[in-house]
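# Chains, contacts and geometry: an overview
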Amino acid sequence: MKPKNSKGLTREQIVKRMREDVEIKLQRLFGRTMKTATDAQIYKTMAMILRDRVMEKWAYSKEMEYESNERQMYYLSMEFLMGRLFGNNLMNLGLDDTVAQVCKELNIDLDKVRNSEPDAGLGNGGLGRLAACFLDSLATLGLAGHGNGIRYEYGLFKQKIVDGYQVEIPDPWLEDGNVWEVAKPDEPEIICFGGKVERVIKKGKEYVSLRDAQCVKAIPYDIPVVGYDSEVVNTLRLWGVRALKPMDMGLFGQGRYVDSVAEKELAEAITKVLYPEDNHPEGKSLRLKQQYFFVSASIQSIYRKFKDAGNNIFDFHKKVAIHINDTHPALGIPELMRILMDKEGLDWEDAWRITRQTFAYTNHTILEEALERWPEELFKSLLPRIYEIVHEINEQFCKNLWEESPGEWDKIARMAIISHGEIHMAKLAIVGSYSVNGVAKLHTDILKEEVFRDFYQMEPRKFKAITNGVTHRRFLAKANPRLAELITDHIGDGWMKEPQQLEKLNKYAGDKKVQQALAEIRLKNKKNLAEHIESKYRIQINPESIFDVQVKRLHEYKRQLMNAMHIMYLYNKILENPDFPMHPRTFIFGAKAAPGYYNAKTIIKLIHTLAKKVNNDPRVQDKIKVVFMENYRVSLAERIIPASDVSEQISTAGKEASGTGNMKFMLNGALTIGTLDGANVEMKDAVGNENMYIFGLTAEEVSHYYKNGHYNPYEIYETNPDLKQVLDQFVNGFLQPEHPDMFRGLYEGLLYGNYGMADQYFLLKDFEPYCNAHTRLGLEYKKPEIWWEKAILNIAAAGAFSSDRTIKDYNDQVWHLPVAKPK
């Protein structure tokens, strides 16, 4: 049944109805009235009102899906960084104005309500945020695409900065419940680890099972994903875990209380945190368990739904597409083989044919350490049946390679899924999928020409380039409503569903009134951010200064350290010459480092040490301020990005697969200073080289240095006095007089290499071009007519980097899903 709507009612009637709903819901949920309710209770009440409307649409959408029995896509990802859902659902349901009026009449602070919702800590960065953007766009475009992941109890971690050091603390985002999820304990899946594979022949047919395995229950928690102005509501299914035996009453009766719940605690460890440390055997085992746990639960659930619809198993790949978001869910390939053979009784050839036509794989990295490999013995002991299947896939694949390339042992060894005692998950994903794509043109070229060259030469039609995108509705319309209103006033609101319409802004790029309006909006956003920074960090910053922002995961290739070195360079110039000509700058950082990543955590300490020195030196005359905003997350991004003037996208060329932060800043009119890396290349093509500040080595030049050597960072150090001064300050007590060697590891890594290549990410090589690009940027900021014209041109070109476009590309090239047709 189609959900009720408000057609025929006046706005006053709609507001009155919702106001009554709020007051009644508050009484029924908490036994409170508006006068006695807490902020948390008001948030939950408002969220439940929205949830009721979402549930009606969700039920109708599921009914449409069931009756059509058409092809669906399932997106498997270890991360879904959804952010807060209250405001997003409000916008997508078209209820912003209604709820704002209800809150006004009930004297409710709507901002407080929004901020009462915890950020779901279900991701680390771009991978999880991309997955969330995709779900939003799928629903908006009317495509049946559902997410599958893990319901982490504590997510990644909450970052706390103590004396400049990152400290990781648990992020108990679920402690007060999750309004949006629906637990489904009546739809569990059983997941088994370890044990021994047993084979029984009955009536001439082989049956395979596991004996003495350790099994757990996977419980689905479903979250509705609402599209913007769409009848389709898709599902994000997150898997929680429960022990089959929650407590041993015998042990409890003996007083062995801890032992009595040991099985429960071990089971629940699987979904405690995202990416547990894997620098010890237990951590590696837990990571592998996590991956198989959610993949097996997802594949079993997909299979069950397919069968319940009365479909023929030989049509599985026609009705189902399963997308692997990076290598973490690659175990889905052998898991589907297991189900097709062990449950359905298909032979190897039929099962493999169906499997290879079901899976598609997106690669997100070329970094060697991020291309997952598992120790063969660990894999075999933890997943014995899956190991058998992967081993057979490898045998069959290598046999085919031998037939195609007899005698080419080196090539077969390079391409083998199992080699040198390790199982290579990226290779498994490629071999078991019908489509493989990179996430930017440059990234895909590197995959085809270098990383997966042999695979590309064997099956060139399998490889595709599909550039990432972000949801412009969340990161522009929701995060920057003043700018959204300005855009709509000039080009209409069609851009909300058709982001390419942002191109209409091009004709306003030179319009002085529009430039002035954009400048005023930016200044208001900067003042709001400045107030937040002063309130939280007790640092006063000048809203009239250039807000120069680098917010992203902390990794050496992203080169936050080079940014810090440039700040030190400017600081030195001011100390040498108090009249050094520069527009005041506020450098804003936000980044989490992996708990075991020593160098990344040291860089965070260096940034804080530098900030303390610069911010408290009266000689700087407030020309420079440095702020590190702790615990970077989606809601913080929505606060920072609309206030940013400069977007730092300075990774070593050829290292960033795509980047999505670059697109969010572009949408909001920040100008990019960056290398020709990832999607920066396509952004430059879209907006023009003259409207970005491009510098540094190209990917080809970086590759040449890696292959041929001849890079001597020490020579650059010796011949560039400004750079030498900065690097010497790492170790001469300038930064830390009491501990002059605190940053020696960074210093020696850049000049001599720590157990590897010196300056492997080419900070020294790119340092001078980076400083020069900043000088150009600073000069142009002083010319408002140039700066704001460039800002408008960037917004106008950003529609090409919407996730709506990305999803259309995936659907045209990979999934081939029908668009839902509401009755």
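Residues numbered from 1 in each chain as written. Predicted model: local features only at pLDDT ≥ 70, side-chain atom pairs only at ≥ 80, totals over all residues. Heavy atoms only, no water.

With that settled, the discussion passes to the side chain of Asp617. Checked against the element boundaries, Asp617 lands in the loop between helix 24 (598-615) and strand 20 (624-628). Residue contacts for Asp617: discarding those within four places in its chain leaves Tyr571 and Leu575. (Helix = DSSP H or I, 4+ residues; strand = E, 2+ residues; numbered from the N terminus. Contact = heavy atoms within 4.5 Å.)

Hydrogen bonds along the backbone pair up the strands of a sheet, which may run parallel or antiparallel. Reading across the sheet, the 6 strands line up as 20-19-18-21-22-23 and stay open at both edges, with parallel pairing between neighbours. Both edges of this open sheet fall to strand 20 and strand 23 (693-694), since each of them pairs with a single strand only. With 2 bridges joining them, strand 18 (residues 546-551) and strand 21 (residues 646-649) adopt parallel strand pairing. Looking at the pairing, Val549 lines up with Ser647 of strand 21. Across the sheet, helix 23 (residues 560-576) is in contact with strand 18, strand 19 (585-590), strand 20 and strand 21; its angle to strand 19 comes to roughly 155 degrees. Lying over the sheet, helix 24 contacts strand 19 and strand 20, oriented at roughly 145 degrees with respect to strand 20. (Pairing = 2+ DSSP bridges. Axes fitted to C-alpha atoms, helices over the stretch in contact; angles between N-to-C directions.)

A side chain of one charge can pair with a side chain of the opposite charge when the charged atoms of the two come close. With the rule as written, the count across this model stands at 56 salt bridges. Here Lys160 and Glu630 are joined by a salt bridge, their closest N and O atoms 3.9 Å apart. A residue pair is termed long-range when its members are at least 10 positions apart, and Lys160 in strand 3 (residues 158-162) and Glu630 in the loop between strand 20 and helix 25 (634-640) qualify at 470 residues. For Lys160, a relative accessible area of 41% gives the class partly exposed. Residues joined in a network through salt bridges with shared partners are Arg199, Glu206, Asp342, Arg385 and Glu388. (Salt bridge = Lys/Arg side-chain N within 4 Å of Asp/Glu carboxyl O. Buried < 20%, exposed > 50% of the residue type's maximum accessible area, 1.4 Å probe, protein only.)

For the rest of this paragraph, the subject is the state of the cysteines. For the structure shown, the criterion picks out 1 disulfide. Disulfide pairing places Cys192 opposite Cys215 at an S-S distance of 2.1 Å. Linking Cys192 and Cys215, the disulfide has an S-S dihedral of approximately 100 degrees and is accordingly described as right-handed. Remark: Cys215 occurs in strand 9 (residues 214-226) and Cys192 occurs in strand 6 (residues 189-193); sequence separation between them is 23 residues. According to the relative accessible area criterion, Cys192 is partly exposed, its value standing at 23%. (Disulfide = S-S within 2.5 Å.)

Moving on, we get to a negative patch on the surface. A cluster of acidic residues, Glu449, Glu450, Glu700 and Glu701, forms a negative patch on the protein surface. Examined against the element boundaries, Glu700 turns out to sit in helix 28 (residues 699-708). For Glu700, a relative accessible area of 55% gives the class exposed. (Patch = residues over 30% accessible without salt bridge, like charges linked within 9 Å, V, L, I, M, F, W, Y side chains within 5 Å. Areas by Shrake-Rupley, 256 points an atom, 1.4 Å probe, with all protein chains shown as cover. Lys, Arg positive; Asp, Glu negative; His and termini not counted. Charge placed at Lys NZ, Arg CZ, Asp CG, Glu CD.)

Read from one edge of the open sheet, 3 strands run 13-15-14, paired in antiparallel fashion. Among the strands making up the open sheet, the edge pair consists of strand 13 (373-375) and strand 14 (418-419). Bridge count between strand 14 and strand 15 (residues 422-424): 2 bridges; the pairing is antiparallel. Following the sheet pairing, Ile418 is matched in strand 15 by Ile423.

Counted residue by residue, strand 20 has 5 buried out of 5 residues, so it is predominantly covered. With 5 bridges joining them, strand 19 and strand 20 adopt parallel strand pairing. For Ile588, the partnering residue across the bridge sits in strand 20 and is Val627. Taken together, strand 19, helix 24 and strand 20 form a β-α-β motif whose crossover is right-handed. (Right-handed = clockwise from strand over helix to strand, strands pointing away.)

By size, the foremost hydrophobic cluster in this structure holds 253 residues, and its most contacted members are Phe379, Met565, Ile624, Phe730 and Leu764. If we ignore the near neighbours within four places in the chain, the residues touching Phe379 are Leu288, Leu331, Trp374, Pro384, Ile386, Tyr387, Val390, Ile423 and Met425. Ile533, Val549, Ala643 and Ala670 belong to the second largest nonpolar core, which has 19 residues in total. (Core = buried A, V, L, I, M, F, W, Y, C linked by side-chain atoms within 4.5 Å.)

Bringing the environment of Asp171 into the picture now. Structurally, the position occupied by Asp171 is in the loop between strand 4 (165-169) and strand 5 (182-183). Under the relative-accessibility criterion, Asp171 is labelled buried at 13%. Sequence separation of Asp171 and Val273 is 102 residues, and the distance between their C-alpha atoms is 9.1 Å. Those residues in contact with Asp171 that sit more than four places away from it in its chain are Asp119, Gly121, Glu153, Tyr154, Gly155, Phe157 and Lys158.

These results come straight from atomic positions and should not be treated as a statement about function.
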